[in-house]
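Coordinate analysis (summary)
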Amino acid sequence: MASPEQVQQLEARLAAVEQKLAAAAAGGDGDDSLVPGRKSGTSDAQVLKKVSTRLQDFEAQITAQLSNMQGDFDKKLSHVNRGASSVKPLDASG
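Below you will find a few notes about this structure. (Residues numbered from 1 in each chain as written. Predicted model: local features only at pLDDT ≥ 70, side-chain atom pairs only at ≥ 80, totals over all residues. Heavy atoms only, no water.)

Let us now look at the overall build of the protein. A count of helical and extended segments in the protein gives two helices and zero strands. By residue count, 2% of the 94 residues in the protein fall in the buried class. When the accessible area of the protein is evaluated, it comes to approximately 8,100 Å², of which 58% is carbon and sulfur surface. (Helix = DSSP H or I, 4+ residues; strand = E, 2+ residues; numbered from the N terminus. Buried < 20%, exposed > 50% of the residue type's maximum accessible area, 1.4 Å probe, protein only. Areas by Shrake-Rupley, 256 points an atom, 1.4 Å probe, with all protein chains shown as cover.)

Structure below.
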């Protein structure tokens, strides 16, 4: 499962990549591709579609993991609450 720190690191890496792409596009030396120096038959639209698909897959994985973590947490909390309600304080009379 991904920890919040891992998610933050990934977001920071993604932001850095976006900044590099924006800088490369702004300083474009006649090359209109997203990745300078890349001379292949793959168009920018295809690359963007692939990136978008992978990001959607990643989002789905993270959402599933968070949902599982929430379910586990709820089960543990319910178990703790059940145990706490059956335990009487030591100084209880009766």
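This brings us to a nonpolar patch on the surface. Residues L14, V51 and L55 make up a contiguous nonpolar surface patch of about 230 Å² in total accessible area. Along the chain, V51 turns up in helix α2 (residues 44-86). Residue class for V51 comes out partly exposed when judged on its relative accessible area of 43%. (Patch = residues over 30% accessible without salt bridge, like charges linked within 9 Å, V, L, I, M, F, W, Y side chains within 5 Å. Salt bridge = Lys/Arg side-chain N within 4 Å of Asp/Glu carboxyl O.)

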